[in-house]
Amino acid sequence: MQRTNPTAVKEVEAPCAGIRRLVLPLPYEVQTLNVYLLEGEGGSTVVDTGVGGPFGRATWGSVFEHLAPASISALVGTHYHPDHIGAAGWLAAKLDVPFLCSQVCWLVTKLLLSQDQSDQEEQLRFFRRLGTSSEDAEVMLAPANGYKLVVDPPPPAFFRLRDGAEVRLGGRTWRVCCCEGHASELVTLYSEELGVLLCSDQVLPEISPNVSVWSTSPEDDPLGAYLASLARLRELPDETLCLPAHGEPFRGLRRRVDELVEHHRLRLQRIVEALEERRTVAALVDPVFTPGLGTFERMFAQGELQAHLALLLGRGEIEREEDERGTWWYARKR
Ligand SMILES: [Zn+2]
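Residues numbered from 1 in each chain as written. Predicted model: local features only at pLDDT ≥ 70, side-chain atom pairs only at ≥ 80, totals over all residues.

A. Expanded view of the overall build of the protein. A tally of helices and strands in the protein yields 11 helices and 15 strands. Compactness check: the protein gives a C-alpha radius of gyration of 20 Å against a globular reference of 20 Å for 334 residues, within 12% of the reference. Taken along its principal axes, the extent of the C-alpha atoms in the protein is 65 × 40 × 30 Å. Within the span of the protein, comprising 334 residues, buried residues form 42% of the whole. Long-range pairs, those at least 24 residues apart, make up 65% of the contacts in the protein with a sequence separation of at least 6. (Helix = DSSP H or I, 4+ residues; strand = E, 2+ residues; numbered from the N terminus. Rg over C-alpha atoms; globule rule 2.2 N^0.38 Å. Buried ≥ 20, exposed ≤ 12 C-beta atoms within 10 Å, placed from the backbone. Contact = placed C-beta atoms within 7 Å.)

Following this line, the structure appears as structure tokens:
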């Protein structure tokens, strides 16, 4: 699944005056990351960094063929996922530039780097809750050092991007909107002057961003939070140019938000129908998703299902019972 050789970094057509777009390779299947450079008199602000570790060093070697290191004046990390924050600590130190991110982003990066055995035990308990078979759970269990392999320690200090605040980057004013659901306090940046939204992974043009419950917070309702954040973004002008972290820039923010909301509405409906029969999360994967998923795909499907179930539980549409093994059983409320 993992690729080890970074392919060349590409610079593609600038999405608008004052913003450049680099496409960085990622050590995962097919995916690439868009890095945006907000250019101004004081230098360029780099939004997102790609993964860290040896892959990140090699990738940035290639980035510096497009961009003089001395022209970079600041780094932004939109959220704590490895493809966004991985190289930030190393780069900020190398370039001696400030690093901007949300408080949750900085704290969670540090916490994920310190995961140990006890986190794995909690993951196993979570899989039991979801009704995962023990053979599957063994394969799904994340290695304790997985995050560390692709994320360098974050910069020791950061400039906090607060929800609602305005910040000057690349000589322009950007309004911070911290979104929830895909990652907590995921930073999106809106420039009224340019009519541009840097939407990171919150709104993607072709895929529905992953919204999952994780073992660290099993009772969370990330889907409710995700939909509430989408509703906030939907209030921006429809002609806004959206610059996502993956895929092509696009216009038509409201249409795309409506499509994402509809996708989740249909999935919720399908889950409620499948819960005519009492089921565990693991037993919902086949009726709700395309059958025949591999073990890792099923793991992500379970996390997404639990996110939808938490929303339905909160709405009172379904009920949950826990058996003596600690497994959760869901059924439609009659
Ligand atoms: Zn992400």
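So much for the structure itself; the text now carries on.
B. Structural view of the pairing of strand 12 (residues 241-244). Sheet topology note: the strand 11 (residues 196-200)/strand 12 ladder contains 4 bridges and is parallel. Along strand 12, the bridge assignment pairs L197 with C242. Handedness of the crossover is the feature at issue here: the chain leaves strand 11, passes through helix 8 (residues 222-233), returns alongside strand 12, and the resulting connection is right-handed. With antiparallel pairing between neighbouring strands as the criterion, strand 12 and strand 13 (residues 250-251) make up a hairpin whose turn holds 5 residues, including G247 at a positive phi of roughly 90°. (Pairing = 2+ DSSP bridges. Right-handed = clockwise from strand over helix to strand, strands pointing away.)

C. Quick peek at the packing of helix 8 against helix 9 (residues 253-274). Across the interface, helix 8 lies against helix 9 with an axial gap of 10 Å and an inter-helix angle of 160°. It follows from the interaxial angle that helix 8 and helix 9 lie roughly antiparallel. Between helix 8 and helix 9 lies a crossing whose hand is left-handed. Facing helix 8, whose interface residues are L223, L227, L230 and L233, helix 9 presents L253, V257, L260, V261 and H264. (Axes fitted to C-alpha atoms, helices over the stretch in contact; angles between N-to-C directions. Parallel < 35°, antiparallel > 145°, perpendicular 65-115°, else oblique. Left-handed = near helix turned anticlockwise from the far one by under 90°.)

D. Fine view of the nonpolar core. Of all hydrophobic cores here, the largest spans 86 residues; its most connected members are Y36, L75, L100, C101, L197, L198 and L305. Sorting elements by how many residues they give to this core places helix 11 (residues 295-315) first, with 7 residues. The residues touching L197, leaving out its near neighbours within four places in the chain, are T188, Y190, L236, T240, C242, L243 and L253. (Core = buried A, V, L, I, M, F, W, Y, C linked by C-beta atoms within 7 Å.)

E. Examining the sheet that holds strand 3 (residues 32-40) more closely. Pairing is mixed across the open sheet formed by 7 strands, whose spatial order is 1-2-3-4-5-6-7. The open sheet has two edge strands with one neighbour each: strand 1 (10-16) and strand 7 (159-160). As judged from the 7 bridges shared by strand 2 (residues 19-25) and strand 3, these two strands associate in the antiparallel manner. Bridged to R21 within strand 3 is Y36. Across the sheet, helix 3 (residues 88-95) is in contact with strand 5 (72-76) and strand 6 (99-101); its angle to strand 5 comes to roughly 160°.

F. Structural view of the sheet that holds strand 11. An order of 8-9-10-11-12-13 is seen for the 6 strands of this open sheet, with the pairing classed as mixed. Edge strands, defined here as strands with exactly one partner in the open sheet, are strand 8 (166-169) and strand 13.

G. Quick look at unusual backbone geometry. At D48, a position not held by glycine, the phi torsion is positive, near 75°. By the secondary structure assignment, D48 is in the loop between strand 4 (43-47) and helix 1 (53-63).

H. View of the packing of helix 8 against helix 11. At their nearest, the axes of helix 8 and helix 11 sit 7 Å apart, and the two run at 85° to each other. Classified by the angle between their axes, helix 8 and helix 11 sit roughly perpendicular to one another. For the pair formed by helix 8 and helix 11, the contact residues are P222, L223 and G224 on the first element and A307, H308, A310, L311 and G314 on the second. Split by residue class, the contact of helix 8 with helix 11 holds 5 nonpolar, 3 polar and no charged. (Nonpolar A, V, L, I, M, F, W, Y, C, P; charged D, E, K, R; others polar.)

I. Summary view of the pairing of strand 3. The element strand 3 is largely enclosed, with a buried count of 7 among its 9 residues. Taking the residues that link successive antiparallel strands as the turn, the strand 3-strand 4 hairpin has 2 residues.

J. Representation of the environment of Q306 in the model. Relative to the elements of secondary structure, Q306 occurs in helix 11. Among the residues examined, Q306 registers 26 C-beta atoms within 10 Å and is labelled buried. Residues Q306 and Y28 lie 278 residues apart in sequence; the distance between their C-alpha atoms is 25 Å. Once residues within four sequence positions are removed from consideration, Q306 is found in contact with L130, V213 and V281.

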